[in-house]
Amino acid sequence: MEKTLKEILNLNRKYTNYGQVASYIPELKNAKRDDLGICIIDKDNNIYKAGNCDTKFTIQSISKPIVLAMALMDNDWSYVFSKVGMEPSGDPFNSIMKLETNDSKKPSNPMINAGAIVTTSLIKGASVEEKEERMLKFFRKLANNDTLDINYEVYKSEKTTGDRNRAMAYLLKNDGFVQGNVEEILDLYFKQCSIEVDVVDLARIGINLAMYGVNIENNERLLSERVSRMVKTFMITCGMYDSSGEFAIKVGIPAKSGVGGGIMASVPNSMGIGVYGPALDKKGNSIAGVKVLEELSHRYKLNIF
Ligand code: DON
């Protein structure tokens with residue numbers, strides 16, 4: 001399998017020349033655009049790796065399905081979905097438009113920034129410190145990696161330049177979709193996005209979702225079967241933003257991308273996949289990463305449909 005993975009990376013390496021490394025969060029500019037790495041963990045806990053699999057990058061929007069899972073575990077589902085919708089938006093991940101034009105002004109789904117700020121606001125905890133601690137603990141459990149931590153340089157960079165998210169969060173408060181201290185909610189959101197991972201961590205998160213919330217290494221239940229289904233459903237319908245339809249057609253696997261260059265994919269009952277390639281298309285998805293997943297899906301018939 002590792003031989004095939006290397007071959008797939010080599011075949012698609014040319015795509016690292018296309019697109020741009022994210023720069024709207026200044027600290028992300030430091031990524032090396034020709035890095036390309038993949039890790040697969042299957043349901044028998046075999047781990048296969050190729051390319052830049054030790055390179056660290058920030059999880060960014062791949063944190064959104066994880067925080068959604070937490071919000072669903074911390075609250076009544078009807079309450080969660082009274083604050084955030086279930087429909088793909090078809091708009092860019094950072095669009096503010098539908099917060100004004102949607103009838104209810106409710107963010108379309110928890111995978112776009114506006115919806116993710118809502119789910120972050122729903123994380124329970126007696127203090128901001130407790131919320132952060134619970135969040136980090138849950139990420140560590142899902143990645144089965146106690147060393148996961150926040151990259152404070154990226155966090156500061158995003159906090160200083162995140163005025164678009166700030167604008168959205170204040171609108172959401174004005175319209176009753178978030179409650180409490182907006183700056184504290186944003187702070188937690190910027191921190192969740194700045195958690196540093198590698199492709200092995202992403203593959204581990206992917207397999208835990210693929211196995212319906214049970215950690216195959218120790219049989220611990222991390223989330224319920226229904227929550228894991230909901231999360232994967234949001235990944236297939238909204239996980240690649242306004243490319244989700246095309247990705248579902250071409251790759252057919254629940255996946256979530258982040259502007260750090262990572263993609264986490266989860267093939268139900270079968271495997272978790274982490275891919276890294278920091279040069280992004282205009283929609284914020286890794287160009288080479290998507291190509292690698294497309295090839296992988298064809299070769300191993302991973303399309304779930
Ligand atoms: O809020 C932001 O803009 C970033 N922290 C996350 C955006 C992101 O990863 C979009 N993904 N492709």
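Residues numbered from 1 in each chain as written. Predicted model: local features only at pLDDT ≥ 70, side-chain atom pairs only at ≥ 80, totals over all residues. Heavy atoms only, no water.

A. Main features of the packing of helix H5 (residues 113-121) against helix H8 (residues 163-174). In the contact formed by H5 and H8, the axes pass within 10 Å of each other and the chain directions differ by 60°. As for the relative orientation of H5 and H8, their crossing is right-handed in sense. Between H5 and H8, the contacting residues are Asn113, Ala114, Ile117 and Val118 on the first element and Asn165, Met168, Ala169 and Leu172 on the second. Broken down by class, the residue content of the contact of H5 with H8 amounts to six nonpolar, two polar and no charged. (Axes fitted to C-alpha atoms, helices over the stretch in contact; angles between N-to-C directions. Helix = DSSP H or I, 4+ residues; strand = E, 2+ residues; numbered from the N terminus. Left-handed = near helix turned anticlockwise from the far one by under 90°. Contact = heavy atoms within 4.5 Å. Nonpolar A, V, L, I, M, F, W, Y, C, P; charged D, E, K, R; others polar.)

B. The site of the ligand, seen in detail. Surrounding the ligand, one finds 14 residues, the nearest of these being Tyr24, Gln60, Ser61, Glu158 and Tyr189. One nitrogen or oxygen atom from the side chain of Tyr189 is found 2.6 Å from an oxygen atom belonging to the ligand. Val259 places a main-chain nitrogen or oxygen 2.9 Å from an oxygen atom of the ligand. Relative to its free-state accessible area of 340 Å², the ligand is covered by the protein chains to the extent of 99%. Among the cavities detected, the one that contains the ligand is the second largest cavity. In terms of residue class, the shell around the ligand is built from six nonpolar, seven polar and one charged. (Near = heavy atom within 4 Å. Polar contact = N/O pair within 3.5 Å; in protein donor to acceptor, adjacent residues only side chain to side chain. Areas by Shrake-Rupley, 256 points an atom, 1.4 Å probe, with all protein chains shown as cover. 1 Å grid on protein atoms, 1.4 Å probe; cavity = no way out; pocket = protein on both sides within 12 Å on 5 of 7 lines; lining within 4 Å. Sits in = over half its atoms within 2 Å of the grid points.)

C. Structural detail: unusual backbone geometry. The phi torsion at Gln60 lies on the positive side, around 45°, for a residue other than glycine. On the secondary structure map, Gln60 appears in the loop between strand S4 (57-58) and helix H2 (63-74). Its identity is not glycine, yet Asn269 carries a phi of approximately 60°, on the positive side.

D. Structural context of the pattern of salt bridges. Taken as a whole, this structure holds 17 salt bridges when the rule is applied. Ionic pairing is found between Lys141 and Glu220, a salt bridge with its closest N-O pair at 2.9 Å. Here Glu220 lies in the loop between helix H10 (199-210) and helix H11 (225-238) and Lys141 lies in helix H6 (residues 128-143), a separation of 79 residues in the sequence. Accessibility expressed as a relative area gives 29% for Glu220, which makes it partly exposed. Of the charged contacts, one joins Glu246 and Lys250 as a salt bridge, the two residues approaching to 2.6 Å between their closest N and O atoms. Pair noted here: Glu246 and Lys250 are both in helix H12 (residues 244-250), with a separation of four residues, about one helical turn. Residue class for Lys250 comes out partly exposed when judged on its relative accessible area of 37%. (Salt bridge = Lys/Arg side-chain N within 4 Å of Asp/Glu carboxyl O. Buried < 20%, exposed > 50% of the residue type's maximum accessible area, 1.4 Å probe, protein only.)

E. Layout of empty space enclosed by the protein. As enumerated under the stated definition, the model contains two cavities of 30 Å³ or more in all. Together, Ser89, Asp91, Pro92, Ser95, Lys98, Leu99, Pro107, Ser108, Ile112 and Ala114 line the largest cavity. Per-class residue counts for the lining of the largest cavity are five nonpolar, three polar and two charged. The calculated volume of the second largest cavity comes to roughly 50 Å³. Taken together, Tyr24, Gln60, Ser61, Phe93, Asn113, Glu158, Asn165, Tyr189, Cys193 and Val259 make up the lining of the second largest cavity. Residue classes in the lining of the second largest cavity are distributed as five nonpolar, four polar and one charged. Both of domain 1 (2-60 + 197-300) and domain 2 (61-193) provide at least three residues apiece to the lining of the second largest cavity. (Points joined across faces, edges and corners; volume = space filled by probe spheres on them. Domains from an automatic or database assignment.)

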